[in-house]
Amino acid sequence: MADTTARQAQATIHAGGEWLAGISGATREILDPADARPFAVVAEGDEKDAERAVAAARQAFDHGPWPHTPVAERAALLRRAADLLVRDREELGLLESRDAGKTVEEGRIDIDCVADAFRYFADLVAAEAPGRVVDAGSPDIHSVVVHEPVGVCALITPWNYPLLQASWKIAPALAAGNTFVIKPSEITPMTTVALIELLAEAGLPAGVANLVTGPGHTVGARLAEHPDVDLVSFTGGLASGTKVAQAAAPTVKKVALELGGKNPNVVFADACATEEGFDTAVDQALNAAFIHSGQVCSAGARLIVEESIRDRFVAELARRARKIRLGRGTADGVECGPLVSEQQRAKVEAYVASALAEGAVLRCGGKRPEPGEDRPESGYFYEPTVLDACHREMKVVREEVFGPLLTVETFRTEEEAVLLANDTEYGLAGAVWTTDPGKARRVAGRLRHGTVWINDFHPYLPQAEWGGFGRSGTGRELGPAGLAEYREAKHVYQNLAPKPVRWFAG
C-alpha cells in the first residue's frame with residue numbers, strides 16, 4: 001500500500017486518474033480520536049473540486065471504456081482489488097483504527113468484509129444471464145430486458161465505517177459499469193484514499209474512480225444537486241439525508257439513502273431460562289450496544305426486556321459493562337475505543353443529562369473515564385452507559401445517539417413487546433431472543449425493520465439486502481437489490497418481420 005500519510009496536503013483529491021491538491025489550497029488535519037493529535041493532513045475540497053471530479057467521471061462514462069468493458073473483465077478487476085485489500089490488511093486495519101478510533105481487530109475485520117463485498121459483486125455479475133427474454137406471444141418478436149449502468153454516481157459515506165460503507169457503494173457501482181465520485185467523511189477519509197489507490201493498482205481506467213475530500217455542506221451538496229450526476233447514494237444522519245434528497249430532486253436523479261436507526265433488542269424470559277441462555281443474551285446485548293463505542297447505525301441501543309427477568313438481566317449487564325476496557329484502539333487488550341470526535345462525545349453527554357432529567361436511572365457509566373496508560377486525557381473517551389427505567393417519551397429513547405449508551409424498557413406480553421419495538425420513526429434493524437420457534441417467527445414477521453435477527457445481533461451477509469423501513473432510508477445496499485440500485489432496466493423490442501399497420505387508410 002502506498003504511503004498515503006506522507007503526501008496528504010499536496011494530493012488527496014483524485015480526478016481523471018490524477019492525485020491533485022484542492023483548487024483553493026486549503027487543507028484539513030485528521031485527528032486520532034484516541035489523543036486528539038493530528039496524524040495526517042488532507043486537501044479540503046470545495047464546490048470547484050466537486051465540479052472537476054464530476055467532469056472527469058462524466059468524460060470517463062460517456063467516452064471511456066469502462067461502461068462497455070465485458071462483465072468478465074469487470075469482475076476480474078473487482079477480484080484483483082479484493083486480493084490487494086487482503087495483501088494490505090494489516091496496514092489498512094491500523095489506518096482504519098487511527099481514523100475512526102475503533103480497535104485494530106475491528107479494523108482488520110472491516111477489511112475482510114470489504115474484500116468479501118468486492119468478491120460478492122464480482123461473482124454476482126459474472127454469473128448473470130445477459131438479459132431476460134420476454135415472451136411476446138409471437139415468433140416474429142424478439143423481446144429482451146437488459147440492464148445498463150446508470151451513469152455517474154455520487155457516493156457520500158459516513159465516519160463510523162469509512163471503508164466498509166465505501167465498499168458497499170463502490171463495488172456494485174463498478175460491477176454495473178458506472179463511474180463515480182466518492183466523498184468520504186471529512187473526519188475519517190484516510191482508508192478511502194487508500195482504496196482509490198488500490199483500484200488504480202488493480203487496473204481501473206483513469207477517470208472511473210474519483211474522490212474529493214471535504215465537508216458535506218460544500219462538496220456533498222454540490223454532488224447531490226449536480227446535473228451531470230445520475231445517482232446519489234448517501235449514508236449518514238437523517239437531517240443530512242433529507243438535504244441530499246431535496247438537493248437531488250430538481251434533476252430527478254436516482255437516490256439511495258441509508259439514514260441510521262434506533263434499533264430494538266427484544267429479550268423474552270424464556271431465552272434466559274438456562275444459565276447458558278442468560279449468559280448468551282447478556283453477552284449479545286453488550287455486543288449490540290457497545291461494539292465500536294455504539295457508533296453503529298444498527299446498534300441495539302434499545303434493550304426491551306421482559307419484566308420478570310429485568311432486574312437480574314440489567315444488573316448483570318451493568319456489571320459486565322463496567323469491566324469493558326476502554327483505550328486506544330491500537331493497544332493490546334483494549335475492547336472499546338474512543339468516540340470519533342469531541343463533538344460526538346458532547347452529544348452523548350447531552351443525551352445522558354436529558355435522560356436523567358426525565359427520570360432514567362443510571363446503572364453504570366454516564367461519565368468520562370479516568371485517564372490511563374492507553375487512555376490519554378485528551379482522547380474522546382466515554383464510559384459504556386446503561387440507563388434503566390426508560391420509556392418511549394424520553395428523547396434518548398426516540399433519537400439516534402450514536403454512542404455507548406443503552407436504554408432499558410420492559411414489557412409483559414408479546415403484543416406489548418412488538419408495539420414497543422415498532423414504536424420508532426426508524427426501521428433499520430432489530431432482534432428477538434426466545435427459545436420458542438413460533439414466537440420467534442411471529443415477532444420477526446411483525447417487526448417493521450429491514451433486518452431482523454433471531455437469537456443473534458449484528459451479523460450481515462453481502463448477499464442479503466441491507467436497508468431500512470420508515471426514516472431509515474430508501475433503497476437497499478448489498479444483495480441483488482444493491483446491484484440493481486446502480487442499473488437502469490431497458491426493454492429492447494425487435495420486430496423480426498415488420499409490415500405496415502394500416503391504421504391510417506390514406
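Anyway, here's the lowdown on the structure attached to this text. These figures come from a predicted structure and were not determined experimentally.

Rules used in this analysis
- Residues numbered from 1 in each chain as written.
- Predicted model: local features only at pLDDT ≥ 70, side-chain atom pairs only at ≥ 80, totals over all residues.
- Heavy atoms only, no water.
- Helix = DSSP H or I, 4+ residues; strand = E, 2+ residues; numbered from the N terminus.
- Polar contact = N/O pair within 3.5 Å; in protein donor to acceptor, adjacent residues only side chain to side chain.
- Contact = heavy atoms within 4.5 Å.
- Pairing = 2+ DSSP bridges.
- Axes fitted to C-alpha atoms, helices over the stretch in contact; angles between N-to-C directions.
- Salt bridge = Lys/Arg side-chain N within 4 Å of Asp/Glu carboxyl O.
- Buried < 20%, exposed > 50% of the residue type's maximum accessible area, 1.4 Å probe, protein only.
- 1 Å grid on protein atoms, 1.4 Å probe; cavity = no way out; pocket = protein on both sides within 12 Å on 5 of 7 lines; lining within 4 Å.
- Points joined across faces, edges and corners; volume = space filled by probe spheres on them.
- Nonpolar A, V, L, I, M, F, W, Y, C, P; charged D, E, K, R; others polar.
- Core = buried A, V, L, I, M, F, W, Y, C linked by side-chain atoms within 4.5 Å.
- Phe/Tyr/Trp six-rings, centres within 6.5 Å; stacked < 30°, edge-to-face > 60°.

Now for the side chain of T235. For T235, the position within the fold is in strand β10 (residues 231–235). Within the local environment of T235, its side chain forms a polar contact with the side chain of K169, the two groups lying 2.8 Å apart. Apart from the residues within four sequence positions on either side, T235 is in contact with I156, T157, P158, Q165, K169, E258 and E477.

Let us look at the sheet that holds strand β15 (residues 385–388). Hydrogen bonds between backbone atoms are what pair the strands of a sheet, whose relative direction is either parallel or antiparallel. In space, the seven strands of this open sheet follow the order β14-β15-β16-β13-β12-β17-β18, with mixed pairing throughout. Both edges of this open sheet fall to β14 (361–364) and β18 (451–454), since each of them pairs with a single strand only. The average angle at which neighbouring strand axes cross in this sheet is 20 degrees, direction not considered. Taken together, the five bridges between strand β13 (residues 302–306) and strand β16 (residues 405–411) define a ladder with parallel strand orientation.

As a further point, take the pattern of salt bridges. The full count for this structure, using the stated rule, is 41 salt bridges. Its salt-bridge partner being R310, residue D311 comes within 3.8 Å of it at the nearest N-O pair. Taking the relative accessible area as the measure of exposure, D311 reaches 61% and is therefore exposed. Judged by its relative accessible area of 18%, R310 falls in the buried class.

Here we take up the environment of T213. Assignment of secondary structure puts T213 in the loop between β9 (209–211) and α7 (216–225). Separated by 282 residues in the primary sequence, T213 and N495 place their C-alpha atoms 50 Å from one another. Polar side-chain contacts of T213 include one of 3.5 Å to the side chain of T12.

Gaps left between atoms are located by rolling a probe of water-molecule size over the structure's atoms. As a volume, the largest pocket reaches approximately 1,200 Å³. The wall of the largest pocket is formed by 37 residues, among which W159, F234, G236, G237 and S240 lie closest to the centre. Listing elements by their share of the lining of the largest pocket, those giving two or more residues are α7, β10, α8 (238–248) and α11 (342–357). With six residues, α8 is the single largest residue contributor to the lining of the largest pocket. Partitioning the lining of the largest pocket into residue classes produces 16 nonpolar, 15 polar and six charged. Estimates place the volume of the second largest pocket at around 490 Å³. Lining the second largest pocket are 19 residues; nearest its centre among them are D110, Y161, L164, H458 and Y460. Of all the secondary structure elements, the ones that give two or more residues to the lining of the second largest pocket are α4 (104–126) and α5 (162–176). Among the elements that take part in the lining of the second largest pocket, α4 stands out by supplying five residues, more than any other.

The next subject is the nonpolar core. Residues L85, F118, I170, F180, L199 and F313 are the most contacted members of the largest nonpolar core, which totals 97 residues. In terms of residue count, the dominant contributor to this core is α4 (11 residues). Not counting chain neighbours up to four residues away, the residues in contact with F313 comprise V267, C272, F278, A281, V282, A285, L303 and V305. Counting residues in hydrophobic clusters, the runner-up holds 25 residues, among them A50, V181, V219 and F234.

Remember that side chains alternate between the two faces of the sheet whenever the strand is regular. Across the two faces of strand β12 (residues 264–267) the burial is the same, with P264 and V266 and N265 and V267 all buried. In terms of strand pairing, β12 meets β13 through four bridges, oriented parallel. Residue pairing in the sheet places V267 in a bridge with V305 of β13. Inspection of the sheet shows β12 paired to strand β17 (residues 429–433) by three bridges, in the parallel sense.

Here we take up the packing of aromatic side chains. Per the counting criterion, the structure on display carries eight aromatic pairs. A ring pair is formed by W453 and F457, whose centres lie 4.6 Å apart and whose planes are at 40 degrees; its orientation type is tilted. Residue classification places W453 among the buried residues on the basis of a relative accessible area of 6%. Considering the side-chain rings of W453 and W466, the 6.4 Å spacing of their centres and the 40 degrees angle between planes classify their relative orientation as tilted. Of this pair, W453 sits in strand β18 while W466 is found in the loop between β18 and β19 (473–474), placing the two residues 13 residues apart along the sequence.

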